[in-house]
Amino acid sequence: TGSGGAERSLLELIAALDPARVRPLVGLPDVGWLGRELTARGVPMLSLPLVPIRRSRRPRYLLGLLRHLHACASGLRRVVCQVDLIHANGNNAHVFAAWAAPRLGRPIVWHSRDLVALKPIGGWLGRLAERIVAISETVHAHLAGEIGSSQRLVTVMNGIDVVGLRARSRGATRPCSYPEDTIVLATLGQMVPWKR
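In this convention, every chain numbers its residues from 1, walking through the sequence in written order. Two thresholds apply to this predicted model, a pLDDT of at least 70 for residue-level local features and 80 or more for giving and counting side-chain atom pairs, whereas whole-chain, interface and lining totals are computed over all residues. No hydrogens and no water enter the side-chain calculation; it runs on all heavy atoms of the structure.

Engineer: Help me out: how do you make sense of unusual backbone geometry in this one?
Structural biologist: Phi is mostly negative for residues that are not glycine, and the peptide bonds are mostly trans. Here Lys119 and Pro120 are connected by a cis peptide whose omega angle stands at 15°. Secondary structure counts use DSSP, requiring at least four H or I residues in a row for a helix and at least two E residues in a row for a strand, with both numbered from the N terminus. Tracing the chain through its elements places Pro120 in the loop between strand S4 (108–112) and helix H5 (122–127).

Engineer: Just to check I follow, could you spell out the nonpolar core for this structure?
Structural biologist: The tendency in soluble globular proteins is for nonpolar side chains to be buried as a group. For the purposes of this section, nonpolar cores are sets of buried Ala, Val, Leu, Ile, Met, Phe, Trp, Tyr and Cys residues that join through side-chain atoms within 4.5 Å. Burial here depends on accessible area, computed with a 1.4 Å probe over protein chains only, as a share of the maximum for the residue type. Under 20% is buried, over 50% is exposed, and the range in between is partly exposed. Counting residues in each nonpolar core, the largest one holds 33 residues, and the members touching the most others are Trp110, Ile132 and Leu143. Elements with a minimum of two residues in this core: helix H3 (59–79), strand S3 (86–89), helix H4 (91–104), S4, strand S5 (131–134) and helix H6 (137–147). Contact criterion: two residues are considered in contact whenever any of their non-hydrogen atoms come within 4.5 Å of each other. Every residue in contact with Leu143, bar those within four places of it in the chain, is listed here: Trp110, Ser112, Leu118, Ile132, Ala134, Gly148 and Leu153.

Engineer: What is the right way to look at the packing of helix H1 (residues 5–16) against helix H2 (residues 32–40) in this model?
Structural biologist: The geometry of a pair of packed helices is captured by two quantities: the angle between their axes and the separation between those axes. Two elements in contact, H1 and H2, have axes separated by 10 Å at closest approach and are oriented at 15°. When the interaxial angle is binned, H1 and H2 end up roughly parallel. H2 is crossed by H1, and the crossing has right-handed handedness. On H2, the residues touching Glu7, Arg8, Leu10, Leu11 and Ile14 of H1 are Trp33, Leu34, Glu37 and Leu38. Gly falls in the polar group here, along with every residue not listed as nonpolar (Ala, Val, Leu, Ile, Met, Phe, Trp, Tyr, Cys, Pro) or charged (Asp, Glu, Lys, Arg). For the contact of H1 with H2, a count of residues per class yields six nonpolar, no polar and three charged. All axes here are fitted lines through C-alpha atoms, helices being fitted over the stretch that makes contact, and every angle between N-to-C directions spans 0 to 180 degrees. Orientation categories follow fixed angle ranges, with anything under 35 degrees roughly parallel, anything over 145 roughly antiparallel, 65 to 115 roughly perpendicular, and all other angles oblique. Should the near helix be turned anticlockwise from the far one by less than a right angle, the crossing is left-handed, and should it be turned clockwise, the crossing is right-handed.

Engineer: For this particular structure, what's the right way to read a positive patch on the surface?
Structural biologist: A cluster of basic residues, Arg54, Arg58, Arg60 and Arg67, forms a positive patch on the protein surface. Structurally, the position occupied by Arg60 is in helix H3. Note that patches include only residues with greater than 30% relative accessible area and no salt bridge, and the join distances are 9 Å for like charges and 5 Å for nonpolar side chains (Val, Leu, Ile, Met, Phe, Trp, Tyr). With residues, only the protein chains shown are counted as cover, and all accessible areas are computed by Shrake-Rupley using a 1.4 Å probe. A side-chain nitrogen of Lys or Arg and a carboxyl oxygen of Asp or Glu constitute a salt bridge if their distance falls within 4 Å. Positive charges are assigned to Lys and Arg, negative charges to Asp and Glu, while His and the chain termini are left out of the count. For the purpose of locating charges, the reference atoms are NZ of Lys, CZ of Arg, CG of Asp and CD of Glu.

Engineer: Quick question: what am I supposed to make of H2 here?
Structural biologist: Three or four residues apart is the spacing at which side chains of an α-helix point the same way, because the helix has 3.6 residues per turn. Within H2 the residues assigned to the buried category are Trp33, Leu34, Gly35 and Leu38. As for H2, its buried residues are in contact with H1, strand S1 (26–28) and strand S2 (45–47). Positive backbone phi, at 75°, marks Gly42, one or two positions downstream of H2.

Engineer: Is there a simple way to think about the pairing of S3 in this case?
Structural biologist: Within a regular beta strand, the side chains point alternately toward one face of the sheet and then the other, so they alternate between its two faces. Here S3 pairs with S4 via four bridges, running parallel. Its bridge partner lying in S4, Ile86 is registered against Ile108. When the strands point away from the viewer, a crossover counts as right-handed if the path from the first strand over the helix to the second runs clockwise. Crossover handedness for the path S3 to H4 to S4: right-handed. In this analysis, strands are considered paired if DSSP registers two or more bridges between them.

Written out as structure tokens, the structure is:
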């Protein structure tokens, strides 16, 4: 539960929801940065044993992962009567949601942000999602290859809060010698191999 793009995007999504129609409940493995941000916004949380999933054939690791998958499914079953839709915020989260899906009877939206290899479980993951949201055309094309082309796969790029951006940029020091009416953007990103 760090402060990466997926976590920030989730906060922006929650902030954009109509509170008269949608009440989010967020499952997290620990409080961390995201939990503190959700608490500050009054968003209820559910403790779930979500752990990072890695490719391993070691029996001890696989047994531990299986225990986490079952415990997460049990946690979701306890609150499923309060839930109409499950939003899996990333590929890792969707593995846990997909494992629990047959016992939950709720539609799952898989929000995919990464270019990681999903085979041999890609087809299974795709079948268990009611809708699959890719954050870019590149992620969309990657997923289509990993899960097989699907009509449930759509691209929804992350939005930018231009009103909030303008409010925060007022009075900021202009870099170099750009004219006052020039829009200057700075982008920070996490450079990791799986983002290519």
